[in-house]
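The lines below spell out each chain.
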Amino acid sequence: MSDQGELYEDSWILYHVLDMMVGSREMVAVRRKLTLVREQITNSDKTKLEIIFTGSSAEGIHMKDSDEDQMLIDNSVVVICPNQQTSITPDIEHKTVFIMGDTNSRPGYVTLQLIGRRCTPDLLNSIVPVGNVSFVSSEMYARQLSDQLSDVFRITVDPHGPATATPSKLTHLQSDMDFVRALKCTSWPSEANEWLSRHRLYNWPNTCLRDQIVQGGCHLVPVGDKTSADTFLQWRISFATAERKLIHSLSHVQFQVYCLLKYLLKQISGKLKQIYGDTDILSSYIIKTTILHAVENTPLSLWEEKNTFLCFMLCLDILATWVKSGYCPNYFIKRNNMFLGKVHGEHQQNLLRLLVELRDMTWGCLSIGTFFQPSIGETIQRVKNGAWELALPTPVRSERGIDFTMFEKSCILFRATDVLPALKLLSKSKSDMDECVAYLNTVSALSLKGREAYEKQAPLEGNKQRYKYLRKCKKFISPLAVTCTSPGLLTLATYHYQTGNYMKTLEMCGHLISSWKFFIGNNSEKEGDRYEHLYCGRGYSLLHKFQQAWASYMFLQRKSPNFCPVHLQQELTKVPYASLLIPPLPYAVFLTFLCYHELNDTRRRDAALKDLRAVKYDKDQGGSKHWIVHNLLGICYEMVGDIHRALREYNDSLGDDKYLHFNNPAMERIERL
């Protein structure tokens, strides 16, 4: 009994250590909610391209090197299943239509034959005639995305399987991002019919969730079966959206065991690479398959806090059994052996030996590896020695964690383009987080309408008509200014600068410069402690905290060029995305400089330039991370006639280690000077 009691106690500690490491139940729910909101905002413009977020981040996992993946779906294309439909019906006649065909490969891989005459230009470049019929090549289609991203980022980007990866420093994210182009099939493929009908002792996933998944159909991603002789025309059936629904349906203990398996995979990645030359022999997808099979074949009552480690060992046993047999069944298509071509011969025996060693180490397996430091095993021991703060955070620390998760994604919330969906979201809000997200969406969409009004007045000649649009602009951007200092108040300050009200601009910029705000890119523990002391445990709403304490990036939109100060037009025209992002503090000081320059107040202008030089060395908002700060300084030096220092700043801004450096026009500025 004492051994069992110790197991329960250690498992309980493990459960809470994992809560601290990958997120509590509430934290995970916030991450998932923000992913869905981000999707809704991104796809609200109803263009032919739909974006679905997949991978660890979309599942709610936050670990070192958690992947941030996007599936890019061409909505002008549809794929049909031959067993359900063989002709073009009126509802799809305006789309490019492909029909799935058999391949001489594993189940789950198909060819896509073009039926009808309609074909989008990018697909047309991937069409390959075979006799009297036409197929779309997966390799050619995947290569197009890599070429496009190479042009955007100005570096060579190669496809890996169906995905094209971009380094984190190019995308302003903490991890690399994988982009996958995919085609939609609204039907459920016959290859996965067994998943629908298989006997389930414990009714997971339940009938309702299975119906939702089937109604969602599947996707086709451009990659062939590596064990096949000819992959050129092969496409893989993807269940990425179904898998996300399944992971979201897991209990918190089940989700934590899934995270623990991914943790172990990261910790042994060095050993896998040493043995096999790469880590792909055990992929993250194999880990996901393991947890899905384990949950389906065990009762929910097993998955309790006190059994966290027991359930983890069960999953290790499942994985070891698959390696021993050389057969890892795809969760949706059991006949697809995902070990085929990878786990065999000497590799199979070495991998089995490694897994058996890990299993025999029991708790010791949580202390191996150096990818995460300290290891979970070491943390558990420290908790047992009295460091309970590593497993049981105080309520205010938990509140701080959720706040930071929410606000670090705040850039997402400022991308709403349509007021009506945002208002609808606001009317349905129930929780504090729902209300904050919906309100920020609403005022952001209004602010966008305000900038559109500003664009409409620019070409007009009559003062009366121009004033009408300017008044509308100010009215629409003001609610966001009340909600947050940046981008809200800085957007209104920009409006006043553009309309010649320099004193009002200086007042607003002065407010940001002089008040303490927590910038979303701040990694300082000291500043985090200050935020916790001032705002956590006091009953403040998220909106209040956002208004009082937070500052996000100021963004200038490419579709509203007249709203952008003329000095930054060169930077704005080069952004490949919708917006030019500028840290709030340097932008406020830059606007201050511009105002004093317009007012011919050289003493205060020079003081602002001195302040901007100091901001350049700011750890989180300065030039070490953001090339735009060097450009702001260079522009100011040009305006005061100091060409030598301007050139030095433009040269300094060209460092490859800065975020989004690929759209930096500094070289053009240097050549001009």
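Conventions and cut-offs
Per chain, residues are indexed from 1 in the order of the written sequence. Under the rules for a predicted model, residues below a pLDDT of 70 receive no local features and side-chain atom pairs below 80 are neither given nor counted, while totals for whole chains, interfaces and linings still include all residues. Processing note: side-chain calculations cover all non-hydrogen atoms of the structure and skip hydrogens and water entirely. Strands here are runs of E lasting at least two residues and helices are runs of H or I lasting at least four, both read from the DSSP assignment and numbered beginning at the N terminus. Burial classes follow relative accessibility: with a 1.4 Å probe on protein chains only, a residue under 20% of its type's maximum area counts as buried, one over 50% as exposed, and anything between as partly exposed. Between two residues, a contact is recorded if the distance between any of their heavy atoms is within 4.5 Å. Calculation of accessible area relied on Shrake-Rupley with a 1.4 Å probe; when residues are assessed, cover is drawn exclusively from the protein chains displayed. The sign given to each residue is positive for Lys and Arg and negative for Asp and Glu; His and the chain ends receive no count. In plain terms, the charge of a residue is placed at NZ if it is Lys, CZ if Arg, CG if Asp and CD if Glu. Lining residues are defined by having an atom within 4 Å of a point belonging to a cavity or pocket. Those points lie on a 1 Å grid over the protein atoms alone, cavities being sets where a 1.4 Å probe fits but cannot get out and pockets being open sets with protein on both sides within 12 Å along at least five of seven lines. Grid points are joined across faces, edges and corners, and a volume is the space filled by probe spheres set on the points. Residue classes follow a fixed rule: Ala, Val, Leu, Ile, Met, Phe, Trp, Tyr, Cys and Pro count as nonpolar, while Asp, Glu, Lys and Arg count as charged, and any other residue, Gly among them, counts as polar. Pairing of N or O atoms within 3.5 Å defines a polar contact, subject to two protein rules: one partner must be a possible hydrogen donor and the other a possible acceptor, and residues neighboring in sequence count only if both atoms are side-chain atoms. Residue types Ala, Val, Leu, Ile, Met, Phe, Trp, Tyr and Cys, when buried and joined through side-chain atoms within 4.5 Å, form a set referred to as a nonpolar core. Pairing between strands is defined by DSSP: at least two bridges between them are needed. Each residue carries a pLDDT score, the predictor's confidence in it, ranging from 0 to 100. Salt bridges are counted wherever a side-chain nitrogen of Lys or Arg sits within 4 Å of a carboxyl oxygen of Asp or Glu. For a helix, the expected span equals 1.5 Å multiplied by the residue count minus one. Helix axes are fitted only over the stretch in contact, all axes being lines through C-alpha atoms; the angle between N-to-C directions runs from 0 to 180 degrees. In what follows, roughly perpendicular refers to angles from 65 to 115 degrees, roughly parallel to angles under 35, roughly antiparallel to angles over 145, and oblique to any angle outside these ranges. Note on convention: the crossing is left-handed when the near helix lies turned anticlockwise from the far helix by less than a right angle, right-handed when the turn is clockwise. Between 30 and 60 degrees the pair is tilted, below 30 it is stacked and above 60 it is edge-to-face, where a pair is any two Phe, Tyr or Trp rings, Trp via its six-membered ring, whose centres lie within 6.5 Å. Remark: a charge is flagged as sitting over a ring if the NZ atom of Lys or the CZ atom of Arg is within 6 Å of the ring centre and within 35 degrees of the ring normal. Patches here are clusters of residues that have more than 30% relative accessible area and form no salt bridge, with a 9 Å joining cutoff for like charges and a 5 Å cutoff for nonpolar side chains (Val, Leu, Ile, Met, Phe, Trp, Tyr).

The helix and strand inventory of the chain stands at 30 helices and 16 strands. Overall, the C-alpha framework of the chain stretches about 80 × 75 × 50 Å when taken along its three principal axes. For the chain, with 673 residues in total, the buried portion stands at 54%. For the chain, the share of sequence-separated contacts (at least 6 apart) that also reach a separation of at least 24 residues comes to 67%. Surface summary for the chain: the accessible area is close to 29800 Å², and the carbon and sulfur share equals 51%. Charge centroids of the chain, computed over 77 positive and 72 negative side chains, lie 6 Å from each other.

What the rule picks out here adds up to 1 cavity of 30 Å³ or more. Taken as a whole, the largest cavity spans an internal volume of roughly 40 Å³. Contributing to the lining of the largest cavity are L261, L264, L265, I268, L282, I287, L316, L319 and L355. The set of elements that each furnish at least two residues to the lining of the largest cavity consists of α10 (252-267) and α13 (308-325). Of all the elements, α10 adds the most residues to the lining of the largest cavity, at 3 residues. Class assignment of the residues belonging to the lining of the largest cavity gives a composition of 9 nonpolar, no polar and no charged.

Summarising the element assignment, S486 is placed in helix α21 (residues 485-498). For S486, a relative accessible area of 0% puts it in the buried group. Of note is the side chain of S486, whose polar atom sits 2.7 Å from the backbone oxygen of S552. If we skip the residues at most four places from it in the chain, S486 touches L512, A551, S552, Y553, M554 and P584.

Residues F98, M100, L112, L220, I291, F312 and F332 are the most contacted members of the largest nonpolar core, which totals 92 residues. Here this core takes 11 residues from α13, the largest share from any one element. Residues within four places of M100 in sequence aside, it is in contact with V79, I80, C81, P82, V110, T111, L112, C185, C218, L220 and I237. Residues M508, I582, V615 and A666 belong to the second largest nonpolar core, which totals 53 residues.

Let us now look at the pairing of strand β6 (residues 127-130). The side chains of a regular strand alternate, first on one face of the sheet and then on the other. Where β6 and strand β7 (residues 133-136) come together, 4 bridges link them in antiparallel fashion. In the sheet register, V128 faces β7, and the bridge partner there is F135. Connecting the antiparallel pair β6 and β7 is a turn made up of 2 residues, with G131 showing a positive phi of about 65 degrees.

This brings us to the environment of L446. Here L446 is to be found in helix α19 (residues 432-457). Residue classification places L446 among the partly exposed positions, given a relative accessible area of 21%. With 163 residues separating them along the chain, L446 and L609 place their C-alpha atoms 33 Å apart.

With that out of the way, let us pick up the confidence of the model for the chain. In regions of low pLDDT, the predicted coordinates are not meant to be interpreted in detail. Averaged over all residues, the pLDDT of the chain is 89; the fraction at 70 or higher stands at 92%. Mean pLDDT values over the elements of the chain span from 50, in helix α6 (residues 168-171), up to 98, in helix α26 (residues 584-598).

Opposite charge on two side chains allows them to pair when their charged atoms are near. As enumerated under the stated definition, the model contains 30 salt bridges in all. Among the ionic pairs, R200 bridges to E296, the shortest N-O distance being 3.7 Å. Separated by 96 residues along the polypeptide, R200 in the loop between α7 (193-197) and α8 (207-215) and E296 in helix α12 (residues 284-296) bring together distant segments of the chain. Relative accessible area serves as the criterion here: at 10%, R200 is assigned to the buried category. The salt bridge involving K545 is made with D403; its shortest N-O contact spans 2.8 Å. Highlighted residues: K545 in helix α24 (residues 542-549) and D403 in helix α16 (residues 395-408), separated in sequence by 142 residues. In this structure D403 comes out as buried when scored by relative accessible area, which is 3%.

This paragraph deals with α13. With 18 residues, α13 should reach 26 Å at 1.5 Å per residue; the first-to-last C-alpha distance of 26 Å fits that figure. Three or more residues of α13 are buried, namely T308, F309, C311, F312, M313, C315, L316, I318, L319, A320, W322 and V323. Once α13 ends, the next one or two residues include G326, with phi positive near 75 degrees.

The next subject is the packing of helix α28 (residues 627-639) against helix α29 (residues 643-652). Interaxial distance between α28 and α29 falls to 8 Å at its minimum, and their mutual angle equals 165 degrees. By the criterion of interaxial angle, the relationship of α28 to α29 is roughly antiparallel. Crossing hand, α28 versus α29: left-handed. Here H630, N631, L633, G634, I635, Y637 and E638 of α28 lie close against α29, whose contacting residues are I643, R645, A646, E649, Y650 and D652. Looking at the contact of α28 with α29 residue by residue, the classes come out as 6 nonpolar, 3 polar and 4 charged.

Moving on: the packing of aromatic side chains. All told, the structure shown has 27 aromatic pairs when counted by the stated rule. Between F309 and W363, the aromatic rings sit 3.9 Å apart at their centres with planes inclined by 10 degrees, giving stacked as the arrangement. Taken as a pair, F309 in helix α13 and W363 in the loop between α14 (345-360) and α15 (376-384) lie far apart in primary sequence, 54 residues in all. Given the relative accessible area of 22%, W363 is considered partly exposed. Above the plane of the ring of W195 lies R200, whose end atom (NZ or CZ) is 5.1 Å from the centre.

The next thing to look at is unusual backbone geometry. Residues apart from glycine generally show negative phi values, whereas peptide bonds are mostly found in trans. Omega for the peptide link from W204 to P205 comes to -10 degrees, which places this bond in the cis form. As for its position among the elements, P205 is in the loop between α7 and α8. The step from S486 to P487 runs through a cis peptide bond, and the omega angle for that step is 10 degrees. In this structure, P487 sits in helix α21. In this model, N203 sits at a positive phi of 55 degrees, which is unusual for a non-glycine residue. By secondary structure assignment, the location of N203 is in the loop between α7 and α8.

On to helix α2 (residues 25-42). The end-to-end C-alpha separation of α2 is 26 Å, in line with the 26 Å expected for 18 residues at 1.5 Å each. Of all the positions in α2, only M27, V28, V30, R31, R32, L34, T35, V37, R38, E39 and I41 are classed as buried.

Moving on, we get to a positive patch on the surface. A contiguous patch of positive charge, built from K456, K468, R471, K472 and K475, is present on the exposed surface. By residue number, the principal contributor to the positive patch is helix α20 (residues 463-483), which donates 4 residues. The residue K475 is located in helix α20 in this model. Residue class for K475 comes out exposed when judged on its relative accessible area of 64%.

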